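Coordinate analysis (summary)
Listed below, chain by chain, are the residues.
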Amino acid sequence: VLLLLTGTLFASAPVSAQPSFGPTRNLQIDAALQEDNDAAAKLATDGAGNWVGVWYTAVPGHPDVEVRTARSADNGCTWSAPQYLNVDFATDGVHDYFPDVATDGAGLWIAAWNKNVQTVVARSTDNGLTWSAPVVISSMSSSTGVIGAIVYGLGAWVVTWTDATSVRVARSTNGGLTWSAPVSVNSSACC
């Protein structure tokens, strides 16, 4: 469509096509067997067709909740069977919750979550196929912690979370192998 206004020729903006979404699918293949709802799902992509999802869920026969993950290597068309991110899920007896996941876009993925009163991270160097054992990066003064985010940029990983009344961060510059001591970033943090 062309418009002529005051002697100037204008082309109208093209009509954008509406996004197209496929049918919904469960990431958790055994969802019908769960005794409780899955919660706090997060997804990340490397932009090259690989996706990783993380969430927490009740484990049938266990009194606590655990963090699970699934991956897709075809832009979310199909997903792997879910796996637990914490290797001691069957015997740890504590809640694992509020996960997040991020990637550097070059095959390294880091997941962070709260394990009772600790903040932990695990790494994957094969697009979420396998994961390292969780590493504790902080012990909190209470169990009110919630992972805020995990991000990657300019060679550094940063994890944020709450610890009672503080917002805390830890940083890694070696691909999540080691982490800085956590620091409070909000001005209302006490002692």
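Keep in mind the model is a prediction, meaning the values are calculated, not measured.

1. A look at the sheet that holds strand β14 (residues 183–184)
- Strands sit in the order β11-β12-β13-β14 across an open sheet of 4 strands; the sheet is antiparallel. In this open sheet, the two strands that pair with only one neighbour each are β11 (147–153) and β14.
- Taken together, the 2 bridges between strand β13 (residues 166–172) and β14 define a ladder with antiparallel strand orientation. Paired with Val-169 across the bridge in β14 is Val-183.

2. Observations regarding the nonpolar core
- Residues Leu-85, Val-101, Trp-109, Ala-111, Trp-113 and Trp-131 are the most contacted members of the largest nonpolar core, which totals 16 residues.
- Only β4 (51–58), β5 (65–72), β7 (96–103), β8 (109–115) and β9 (118–124) provide two or more residues apiece to this core.
- Top element by residues in this core is β4. It accounts for 4 residues.
- Beyond its immediate chain neighbours, meaning those up to four positions away, Leu-85 contacts Val-54, Val-67, Arg-68, Thr-69, Ala-111, Trp-113, Trp-131, Ser-132 and Pro-134.
- One finds Ala-112, Ile-137, Trp-157 and Trp-161 within the second-largest nonpolar core, a separate group that totals 13 residues.

3. A word on the side chain of Asp-96
- Inspection of the secondary structure puts Asp-96 in strand β7.
- Overall, the relative accessible area of 0% leaves Asp-96 in the buried class.
- A polar contact is formed between the side chain of Asp-96 and the side chain of Lys-115, at a distance of 3.2 Å.
- Beyond its immediate sequence surroundings of up to four residues, Asp-96 is in contact with Tyr-56, Val-65, Glu-66, Val-67, Asn-86, Trp-113, Asn-114 and Lys-115.

4. Concerning the environment of Gly-105
- The residue Gly-105 is located in the loop between β7 and β8 in this model.
- A sequence separation of 60 residues divides Gly-105 from Thr-45, and the C-alpha atoms of the two residues are 7.8 Å apart.

5. Focus on the packing of aromatic side chains
- Summed over the entire model, instances satisfying the criterion amount to 4 aromatic pairs.
- Each ring, one from Tyr-56 and one from Tyr-97, has its centre 6.5 Å from the other, and the planes form 75°; the classification is edge-to-face. Of this pair, Tyr-56 sits in strand β4 while Tyr-97 sits in strand β7; the two residues are 41 residues apart in sequence, bridging distant segments of the chain.
- In this structure Tyr-56 comes out as buried when scored by relative accessible area, which is 17%.
- The interplanar angle of 70° and the centroid separation of 5.5 Å between the aromatic rings of Tyr-56 and Phe-98 together place this pair among those described as edge-to-face. One end of the pair, Tyr-56, is in strand β4; the other, Phe-98, is in strand β7, and 42 residues separate them in sequence.
- One aromatic cluster is present, built from ring pairs that chain together Tyr-56, Tyr-97 and Phe-98.
- For Arg-68, the ring lying beneath its charged end belongs to Tyr-84, and the centroid distance is 4.4 Å.

6. Some words on the environment of Trp-51
- Note that Trp-51 resides in strand β4.
- Trp-51 sits 22 residues away from Ala-73 along the chain, and the two C-alpha atoms are 6.5 Å apart.

Cut-offs and rules
Residues numbered from 1 in each chain as written. Predicted model: local features only at pLDDT ≥ 70, side-chain atom pairs only at ≥ 80, totals over all residues. Heavy atoms only, no water. Pairing = 2+ DSSP bridges. Helix = DSSP H or I, 4+ residues; strand = E, 2+ residues; numbered from the N terminus. Core = buried A, V, L, I, M, F, W, Y, C linked by side-chain atoms within 4.5 Å. Buried < 20%, exposed > 50% of the residue type's maximum accessible area, 1.4 Å probe, protein only. Contact = heavy atoms within 4.5 Å. Polar contact = N/O pair within 3.5 Å; in protein donor to acceptor, adjacent residues only side chain to side chain. Phe/Tyr/Trp six-rings, centres within 6.5 Å; stacked < 30°, edge-to-face > 60°. Lys NZ or Arg CZ within 6 Å of the ring centre and 35° of its normal.

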